[in-house]
Structures are given as structure tokens and as C-alpha cells.
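# Report on the structure
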Amino acid sequence: MRILVSGGAGYIGSHTTLQLIAAGHDGVIVDDFRRSKRSVVARLDALAGRSIEVHEVDLTDLAATDALVSAGGFDAVVHFAGLKAVGESVEKPLDYYSNNLGSTLSLLAAMSRHGVPKFVFSSSATVYGENAPVPMREDFPTSATNPYGWTKVMQEQILRDAAVADPSLRVALLRYFNPVGAHASGTIGEDPSGIPNNLMPLIAQVAVGRRDKLLIYGDDYPTPDGTGRRDYLHVEDLAAGHVAALDRLGTTDVTVSTWNLGTGTPTSVREVVDAFSRACGHELPVEVAPRRAGDVAESYADPSRAEAELGWRADRTIDQMCEDTWRWQSQNPDGYPDAPSGSSSDLR
Ligand code: UDP
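Quick look at the structure, then. (Residues numbered from 1 in each chain as written. Predicted model: local features only at pLDDT ≥ 70, side-chain atom pairs only at ≥ 80, totals over all residues. Heavy atoms only, no water.)

### A word on the overall build of the chain
A count of helices and strands for the chain gives 11 helices and 14 strands. Against the 2.2 N^0.38 benchmark of 20 Å for 348 residues, the chain shows a C-alpha radius of gyration of 19 Å, consistent with a compact globule. Once the C-alpha set of the chain is aligned to its principal axes, its extents read approximately 55 × 45 × 40 Å. In the chain, buried positions account for 55% of the 348 residues. Put simply, of all contacts in the chain between residues at least 6 apart along the chain, 81% involve residues at least 24 apart. Surface summary for the chain: the accessible area is close to 14400 Å², and the carbon and sulfur share equals 49%. (Helix = DSSP H or I, 4+ residues; strand = E, 2+ residues; numbered from the N terminus. Rg over C-alpha atoms; globule rule 2.2 N^0.38 Å. Buried < 20%, exposed > 50% of the residue type's maximum accessible area, 1.4 Å probe, protein only. Contact = heavy atoms within 4.5 Å. Areas by Shrake-Rupley, 256 points an atom, 1.4 Å probe, with all protein chains shown as cover.)

Listed below in C-alpha cells is the structure:
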């Protein structure tokens with residue numbers, strides 16, 4: 001299949017593009033490079049062993065998106081592109097709604113006009129809202145506690161409605177739990193723009209000396225060691241979930257399929273810190289701080305539907321996740337280099 005990967009220069013998109021290519025597909029990246037670096041492209045080319053087609057397009061631009069899809073001959077779209085910082089979404093809700101919903105609407109309109117039949121959507125466990133019991137199942141009701149989360153809930157609804165109107169469309173809603181880790185080469189990984197929001201990149205920056213210490217947000221939760229527990233899964237397992245979902249969309253009669261992508265096993269903040277200390281070979285300075293607003297004690301998946309229907313499981317351990325994160329972070333302490341000026345002309 002020829003597959004358009006939106007946000008393909010980003011963290012999950014880059015790993016998924018490589019796995020699509022390894023599975024024999026032609027993965028084509030579209031990215032606006034607002035929150036990703038152009039230098040990722042050369043690294044992807046090196047890992048893929050060939051030049052990957054890359055387009056620089058803002059997907060909220062309907063005409064530009066239509067031109068891309070019209071000329072592309074795509075069989076599927078995997079849609080990662082989007083703004084994803086929870087705190088920023090509270091400050092700038094309209095930016096989040098217009099960007100995240102706008103890009104999905106443009107893609108759907110262009111796909112409908114040019115007959116692209118499959119859409120894989122990068123959703124999130126955030127759609128289970130604040131009070132969901134664990135483990136979380138796909139049939140739970142959806143809600144959100146911030147504009148970022150609402151954009152995911154709303155994009156899921158837009159996709160369901162589009163599939164009702166066009167029964168030839170096949171949609172996968174992939175609800176990720178907590179993706180971490182990096183490609184085994186250490187040459188691509190997560191490179192957050194600005195101050196990271198998530199635990200693993202913060203720990204990695206402490207380990208490499210970019211930050212003094214990790215603040216543990218609360219050790220009085222009703223969990224075995226008092227710290228919050230999450231369902232961390234390796235980004236390579238997550239990428240494999242996309243390949244499996246795309247394959248499944250080719251054979252299913254179900255128009256919209258929803259799959260949790262997680263391990264089903266929760267790990268506490270202290271357990272992640274301990275695993276990372278083992279991986280990097282030294283203790284990490286931590287300090288217990290008050291709970292973070294909006295955090296829940298526990299969030300983890302019931303991944304059994306994905307296992308039954310996709311034959312997919314996230315098997316890599318928390319130690320592997322930390323070792324691979326550390327390889328990436330220690331080889332690239334400041335993340336990706338800025339591309340030299342003029343390099344955008346390399347984009348095809
Ligand atoms: N966390 C923490 N210190 C940090 C960042 C996160 O203790 O500097 C905790 C957070 O309270 C939660 C877990 O790490 O229990 C995962 O947080 P993250 O933001 O990565 O994921 P989310 O809470 O969105 O699932």
C-alpha cells in the first residue's frame with residue numbers, strides 16, 4: 001500500500017513510517033515541521049536504506065491537502081499530526097480546536113474526493129476522561145478534562161460520522177496509553193519542543209544532566225508505592241500496532257474499529273525511575289512534590305480486543321523502554337540538530 005503518514009516526522013509517526021516501509025509499504029511523510037525537526041528525515045532515510053518521500057504541508061490548508069492527496073495515489077492515511085500539550089491547550093484552546101480538527105477535516109474531505117478508503121487515527125486513552133475504572137475498555141464512555149482531550153474525542157466522533165455517510169470508508173481509532181522508548185539504533189526518538197510534559201522525557205533529561213532533578217507528583221495515591229501508575233508501552237510495539245491495524249482494515253466489514261494500544265500492566269513513577277537508573281547506570285535525583293492537577297492514580301488498558309482482533313501485543317518490558325530511551329538521549333543529549341539553512345529544498 002501507498003500510505004500517507006501525517007506527522008511522520010514526529011515521535012510516533014517516524015517510528016511507524018519505518019515499520020510501514022519494513023513491512024513492504026510505501027510510507028510517504030507529510031509534516032509541517034512546526035514541532036518536528038527536518039534533520040529527522042536524513043536519519044529515517046539512513047534507517048530505511050532509501051529516500052523517503054516527504055511533503056511539507058499544513059493540513060489545515062484544505063487546498064494544499066487536496067492537491068497532495070489528489071496527486072498521491074494513496075491507499076490509506078495514518079494521521080498523527082496534531083498539537084498535544086495538555087497545558088498549552090488550556091491556554092490556547094482555539095488553536096487546538098482549529099489545528100487538530102481542521103487537519104482531520106481537510107484529510108477526510110480530500111480522501112473522500114479522491115477515493116482513499118482507509119484512515120488510521122492517532123487517538124489517546126485521554127478519551128476515557130477522569131473517572132474511568134481500570135483496566136479501561138473500548139466500550140467505556142468518552143469524555144475529556146481539557147481542550148487537547150476534547151479534540152481527540154471530537155475527532156473520533158467526526159470519523160464515526162464520516163464512516164456513516166460513506167460506508168466504503170474503514171476507520172481505526174487507536175487509543176494509545178503512554179508511549180515511551182526509542183528505535184534500537186538510538187538515532188531517532190522523542191524530542192519534545194520546549195519543556196517536556198511527560199514523565200519519560202523528563203527522566204531522560206535528568207539522567208543526561210539537562211535538568212537537576214525529577215519532581216514526583218504525589219506519593220500518597222492509593223497505589224502500592226503511593227505514586228501514580230500508568231501503562232507505558234514501547235514506541236516500537238505501538239508502531240507495530242499501526243501496521244497490524246492497517247492490515248485489519250483491509251479485511252474487516254466493520255466500518256469503525258476502536259483498539260486500545262497498551263500493555264495492560266501498570267508501572268509506578270518510582271518503578272520507572274528505578275528502571276531508568278538501571279539503564280543509565282546511576283541514581284537519579286528525585287523530590288516528592290504535590291500531586292499535579294488533573295492527574296489520576298491509575299490508568300491502564302484492557303488490551304484484549306487488540307490482541308484478539310489484530311494479533312498484536314506490546315511485549316517489550318519497562319527495562320527495554322528505559323534502555324532504548326537512554327540510548328537515544330545519551331547519543332542525542334539535545335535532541336535532533338537543527339537542519340542547516342536551505343535544507344528544506346531537500347524536501348520533496
Ligand atoms: N509525573 C511525575 N513527574 C513529572 C511528570 C509526570 O511524577 O515530572 C507522573 C504523573 O503524575 C503520572 C506519571 O508520571 O503519574 C505519567 O505522567 P505523564 O504526564 O507522562 O502521563 P499521563 O499522566 O498523561 O498519563
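### Observations concerning the packing of aromatic side chains
For the coordinates displayed, the defined rule picks out four aromatic pairs. Note on Phe276 and Trp326: the rings are 6.0 Å apart at their centroids and 80° apart in plane angle, and the pair reads as edge-to-face. Residue Phe276 is found in helix H9 (residues 269-280), and its partner Trp326 is found in helix H11 (residues 318-331); the two are separated by 50 residues along the sequence. Residue Phe276 is classed as buried on the basis of its relative accessible area, which comes to 0%. With relative accessibility at 18%, the residue Trp326 sits in the buried group. Through pairs of rings, three or more aromatic residues link up here, namely Tyr128, Phe140 and Phe177. In this arrangement the basic side chain of Arg291 is found over the ring face of Tyr221, its NZ or CZ atom lying 4.0 Å from the centre. (Phe/Tyr/Trp six-rings, centres within 6.5 Å; stacked < 30°, edge-to-face > 60°. Lys NZ or Arg CZ within 6 Å of the ring centre and 35° of its normal.)

### What to know about the site of the ligand
The local shell around the ligand holds 15 residues, among which Leu199, Leu215, Arg230, Arg292 and Asp295 are the closest. Within the contact set of the ligand, an oxygen atom lies 3.5 Å away from a backbone nitrogen or oxygen of Asn197. Note that an oxygen atom of the ligand is positioned 2.6 Å from one of the side-chain N or O atoms of Asp295. Elements with a minimum of two residues in the shell around the ligand: helix H7 (199-207) and strand S8 (214-217). (Near = heavy atom within 4 Å. Polar contact = N/O pair within 3.5 Å; in protein donor to acceptor, adjacent residues only side chain to side chain.)

### Things to note about the side chain of Ser36
Positionally, Ser36 belongs in the loop between strand S2 (26-31) and helix H2 (40-48). Judged by its relative accessible area of 14%, Ser36 falls in the buried class. A polar side-chain atom of Ser36 sits 2.9 Å from a polar atom in the side chain of Asp31. Every residue in contact with Ser36, bar those within four places of it in the chain, is listed here: Ala9, Gly10 and Asp31.

### What to know about the sheet that holds strand S9 (residues 229-230)
Ordered in space as S12-S9-S14, the three strands form an open sheet in which the pairing is mixed. Edge positions in the sheet fall to strand S12 (267-268) and strand S14 (298-299), since each of these pairs with one other strand and no more. Across two bridges, the pairing between S9 and S14 is parallel. Each bridged residue has a counterpart across the sheet, and for Arg229 the counterpart in S14 is Glu298. (Pairing = 2+ DSSP bridges.)

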